[in-house]
Amino acid sequence: MNKTIIAGAIIAAGAVGGYVAFQGMSGSESGGSVPALKTSNVLEYIPSSTPFLYAQIEPVSTMAMLEQYKNNAVAEELGQEVLDTLRNEFASEGPGAQFVVELLSPFYTNLNNPEQILATTGLADAASYYAYTLGMVPVLKFGIADETAFWQYIDAAQTNSGVTHTVKTLEGVEYRDYPIVDPSEDEKYLSTIVAVKDGVATITFDTNLFETTLPIALEVEKPAESLASTGTLEALEKTYPLAKSGVGYLDFQKIVAALTNPTGSLLGEQLNSIAAEDRGMQSMLENTSVGACQTELDAIAANWPRLVMSYDIDQEARTQQFNMTMESNNQVILNALKSLQGELPAFLDNNEMLASFGIGLNAGNIGTAVTDIVNELQTPSFECFPLAAGQSELSSINGDLAGIHMVTPFVTGVKGFSTGVFGVDVAGDAPSVDGLIVLTAEDPLGVVRMTKGFVGEIAILEESANGNVINLSDSFPTAMFTPAPVYAVTHGNHLAIYQGDKASKAAAKLADGETSNDLIKADVNFGAIMDIVMAEAEKYASPDELEMIKALSNNDVTLDYNLNISAQGITIDGTSTY
């Protein structure tokens, strides 16, 4: 079998295995006595060159997270459908691949019964877990509450897939080897490795594509330099406060370094081993590890080093805060993006809405910002062929920049656009919407005056100056609205068009002038929206369809997030409830 194909299988198997860990192995109340999985101990066995890490440091209850699906027949049905699809997809891939899929079975078939998930798998309801890579080889570590039940769960996956295992020992640590690519059928092999030591389970993979990573994965050998010795997590916690609870990152510098200096890291050495028998990999490394490609790729990675995610879960309040940052050291691009941040009105923070969206865009800076970004991406001129080809493609938009600069004067002064929906009444013959749309600008009525030459009907909006509420129902094209009266009012920098009682109050509060500088701001209340869908579906849907919609509406899931430009890079901050 082609080495590159097996390498791809390692990554794919790790993705499936990671789903198992994250769905069932997070855990505050425990199903049994669970040994502490100390961060300091785990980090001692993770090389500092690892390109990927995801760590749930503070335990979170699986029971609490899955409570919304409890006794939900539709969730059970959907889970079974997804599992059946996976089984069909991997049916021809052999027992080893099917074994990885069967590890998912208890999670999908018991999605509506979290107690059964814990009982079947032996996993702890409260245990930290860690997912990371040794080079390209995934490793999962998590605490278990019932080792007997855990091995029964593994045995069931073995029986259902038809794979067989071999019990092996490495320096006193016993583990099971489940072949995905059978060495009797191919000179190359790939196996799933499962081990339990001191109440902590490890799932990883082994292959002879390159030097085995089992000694480090099973903690019988430490890497020369670890995340513990470099203080990586401590540094992340200083920059990202939520990282004390949970943190993950994808390190582009480490990935690029493996390509530009294949002998300098575990991932690089693994790629080198694959290249010894794979001409495609060999050709790629020959290009990336010398001359201009080496220098230019390293420089790009230094400007965009990591994608970092941190989060904190408050189980009592059933909320999760999260932050995701695309780190950047490219000040030209960051400054250009910052110059685009406009203003958004405070009504977007109202948590009574079904959904809202706002884009705070300083439109007058679009031309300059786009030009700065394009010029930065084209400077310096790359010599590395793939990068030079990308620059060549980018140069084709240079002609469009003039058009952007021509349009800019017409939108100068515009700071943002936002909309929100407080409710939808579907009881009558036609739905009635309680919502508003808001234009924020230095002079919103100036924008109206500039635009009315193209759309004459909007001239009436000029009468909304200085807080004067006007009824648009008879003189403004309201096909986009429901039959209820539609109003407009201008308060300072905000022009609002609205209908409904709550939207009316939100429009009046625009006079306070409170704004934020978010680039994008959005939120959605899924449960409330599904309640409205349910009310409408009762008129037309079949009993089976009603049952599914009712199950989907039986949750309190909400999500809101803000996208901004911070000192660290491009950042998304958000809060979700469950």
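Residues numbered from 1 in each chain as written. Predicted model: local features only at pLDDT ≥ 70, side-chain atom pairs only at ≥ 80, totals over all residues. Heavy atoms only, no water.

## Brief notes about the overall build of the chain
Here's step 1: From N to C terminus, the chain includes 23 helices and 21 strands.
Here's step 2: Of all 578 residues assigned to the chain, the portion counted as buried reaches 47%.
Here's step 3: Element-wise, carbon and sulfur atoms account for 54% of the exposed surface of the chain, whose accessible area totals about 26,700 Å². (Helix = DSSP H or I, 4+ residues; strand = E, 2+ residues; numbered from the N terminus. Buried < 20%, exposed > 50% of the residue type's maximum accessible area, 1.4 Å probe, protein only. Areas by Shrake-Rupley, 256 points an atom, 1.4 Å probe, with all protein chains shown as cover.)

## Some thoughts on the confidence of the model for the chain
Here's step 1: Confidence in the prediction for the chain averages 86 pLDDT; 88% of positions are at 70 or higher.
Here's step 2: Every residue in residues 4–36 scores below 50 in pLDDT, and together they form 92 contacts with partners more than four places removed in sequence or on other chains. (pLDDT = per-residue confidence, 0-100. Contact = heavy atoms within 4.5 Å.)

## Some remarks on the pattern of salt bridges
Here's step 1: What the rule picks out here adds up to 16 salt bridges.
Here's step 2: Note that D155 and R176 form a salt bridge whose closest N and O atoms lie 2.6 Å from each other. You can see D155 sitting in helix α8 (residues 147–161) and its partner R176 sitting in strand β5 (residues 173–181), a full 21 residues away along the chain.
Here's step 3: Here R449 and D443 are joined by a salt bridge, their closest N and O atoms 3.2 Å apart.
Here's step 4: With relative accessibility at 39%, the residue D443 sits in the partly exposed group. (Salt bridge = Lys/Arg side-chain N within 4 Å of Asp/Glu carboxyl O.)

## A word on the pairing of strand β19 (residues 520–525)
Here's step 1: Extensive coverage of β19 is indicated by the burial of 5 of its 6 residues.
Here's step 2: Relative to β19, strand β12 (residues 355–359) is paired through 5 bridges, and the arrangement is antiparallel. From the neighbouring strand, I359 faces β19, where its bridge partner is I520.
Here's step 3: Of the pairings in the sheet, the one linking β19 to strand β20 (residues 558–565) comprises 6 bridges and is antiparallel in character. Opposite A522, over in β20, you have Y561 as the bridge partner. (Pairing = 2+ DSSP bridges.)

## Brief notes about the pairing of β20
Here's step 1: Judged from the 8 bridges that link them, β20 and strand β21 (residues 569–577) form a sheet pairing that is antiparallel. Following the sheet pairing, T558 is matched in β21 by T577.
Here's step 2: In this antiparallel pair of consecutive strands, β20 and β21, the connection spans 3 residues.

## A word on the nonpolar core
Here's step 1: Ranked by size, the top nonpolar core spans 29 residues in total, and within it F99, L123, F142, I144, F150, I154 and V194 carry the most contacts.
Here's step 2: Among the elements that line this core, the one with the most residues is α8, at 5 residues.
Here's step 3: Filtering out sequence-adjacent residues up to four positions away, F99 remains in contact with I154, A157, Q158, S161, V163, Y178 and T192.
Here's step 4: In terms of nonpolar packing, the next biggest core, distinct from the first, is built from 20 residues, L43, I57, L134 and L236 among them. (Core = buried A, V, L, I, M, F, W, Y, C linked by side-chain atoms within 4.5 Å.)

## Structural notes on the state of the cysteines
Here's step 1: Applying the stated rule across the entire model yields 1 disulfide.
Here's step 2: Sulfur-sulfur distance for the disulfide between C293 and C384 comes to 1.9 Å. In this structure, the disulfide formed by C293 and C384 twists by about 90° around the S-S bond and is classed as right-handed. Of the two residues, C293 sits in helix α15 (residues 291–303) while C384 sits in the loop between α17 (366–377) and α18 (385–395), which places them 91 residues apart along the sequence.
Here's step 3: Of the residues examined, C293 reaches a relative accessible area of 11% and is grouped as buried.
Here's step 4: Since its relative accessible area comes to 4%, C384 is described here as buried. (Disulfide = S-S within 2.5 Å.)

## What to know about the packing of helix α13 (residues 266–275) against helix α14 (residues 279–288)
Here's step 1: Relative orientation of the contacting elements α13 and α14 amounts to 130°, with a least axis distance of 7 Å. Relative to α14, the element α13 lies oblique. Contacts from L271, N272, I274 and A275 of α13 reach α14 at M281, Q282 and L285.
Here's step 2: For the contact of α13 with α14, the per-class residue count stands at 5 nonpolar, 2 polar and no charged. (Axes fitted to C-alpha atoms, helices over the stretch in contact; angles between N-to-C directions. Parallel < 35°, antiparallel > 145°, perpendicular 65-115°, else oblique. Nonpolar A, V, L, I, M, F, W, Y, C, P; charged D, E, K, R; others polar.)

## What about the packing of helix α12 (residues 252–260) against α13?
Here's step 1: Look at α12 against α13: their axes get within 8 Å of each other, and the N-to-C directions meet at 40°. For the element pair α12 / α13, the angle class is oblique. When the axes of α12 and α13 are compared, the crossing they make is right-handed. Between α12, through K254, I255, A258 and L259, and α13, the contact on the second element is made entirely by L267, G268 and L271.
Here's step 2: Grouping the constituent residues of the contact of α12 with α13 by class yields 5 nonpolar, 1 polar and 1 charged. (Left-handed = near helix turned anticlockwise from the far one by under 90°.)

## Some remarks on the packing of aromatic side chains
Here's step 1: Throughout the structure, instances matching the rule amount to 7 aromatic pairs.
Here's step 2: Between Y54 and Y311, the ring centres sit 5.9 Å apart and the planes meet at 25°, which makes this aromatic pair stacked. Highlighted residues: Y54 in strand β1 (residues 52–56) and Y311 in strand β9 (residues 306–314), separated in sequence by 257 residues.
Here's step 3: We classify Y54 as buried; its relative accessible area is 18%.
Here's step 4: Relative to W151, the ring of F150 has its centre 5.5 Å away and its plane inclined at 65°; by these criteria the two rings are edge-to-face. Here the two residues F150 and W151 agree in accessibility, since each one is buried.
Here's step 5: Members of the aromatic cluster, connected to one another through ring pairs, are F107, F142, F150, W151 and Y153.
Here's step 6: The aromatic ring of Y249 is capped on one face by R306, whose charged end is 5.9 Å from the ring centroid. (Phe/Tyr/Trp six-rings, centres within 6.5 Å; stacked < 30°, edge-to-face > 60°. Lys NZ or Arg CZ within 6 Å of the ring centre and 35° of its normal.)

## As for unusual backbone geometry
Here's step 1: Note that the residue after T379, namely P380, is joined by a cis bond; omega there is -5°.
Here's step 2: With respect to the helices and strands, P380 occurs in the loop between α17 and α18.
Here's step 3: Even without glycine at this site, E219 takes up a positive phi of about 60°.
Here's step 4: In this structure, E219 sits in the loop between α9 (214–217) and α10 (227–230).
Here's step 5: Of note, N466 is a non-glycine position whose phi angle comes to about 60°, a positive value.
Here's step 6: By secondary structure assignment, the location of N466 is in the loop between α20 (444–451) and β15 (470–471).

## So, helix α7 (residues 114–121)
Here's step 1: Listing the buried residues of α7 in full gives P114, I117, L118 and T121. Buried positions in α7, seen along its axis, are confined to an arc of 90° and lie on one side of it. (Arc of directions from axis to C-beta.)

## Remarks on a negative patch on the surface
Here's step 1: There is a patch of like negative charges on the surface, built from E76, E77, E81, D544, E545 and E547.
Here's step 2: Listed by contribution, the elements that provide at least two residues to the negative patch are α4 (73–89) and α23 (543–553).
Here's step 3: With respect to the helices, strands and loops of the structure, E81 is situated in helix α4. (Patch = residues over 30% accessible without salt bridge, like charges linked within 9 Å, V, L, I, M, F, W, Y side chains within 5 Å. Lys, Arg positive; Asp, Glu negative; His and termini not counted. Charge placed at Lys NZ, Arg CZ, Asp CG, Glu CD.)

## Examining α14
Given 3.6 residues per helical turn, the α-helix brings residues three or four places apart onto the same face.
Here's step 1: Looking only at α14, the buried set comprises M281, L285 and T288. All buried residues of α14 project into a common sector of 70° when viewed along the axis, lining one side.
Here's step 2: Contact partners of the buried residues in α14: α12, α13 and α15.
Here's step 3: Among the residues of α14, the N-terminal cap falls to D278, whose side-chain oxygen and the backbone nitrogen of G280 are separated by 3.1 Å. (Polar contact = N/O pair within 3.5 Å; in protein donor to acceptor, adjacent residues only side chain to side chain.)

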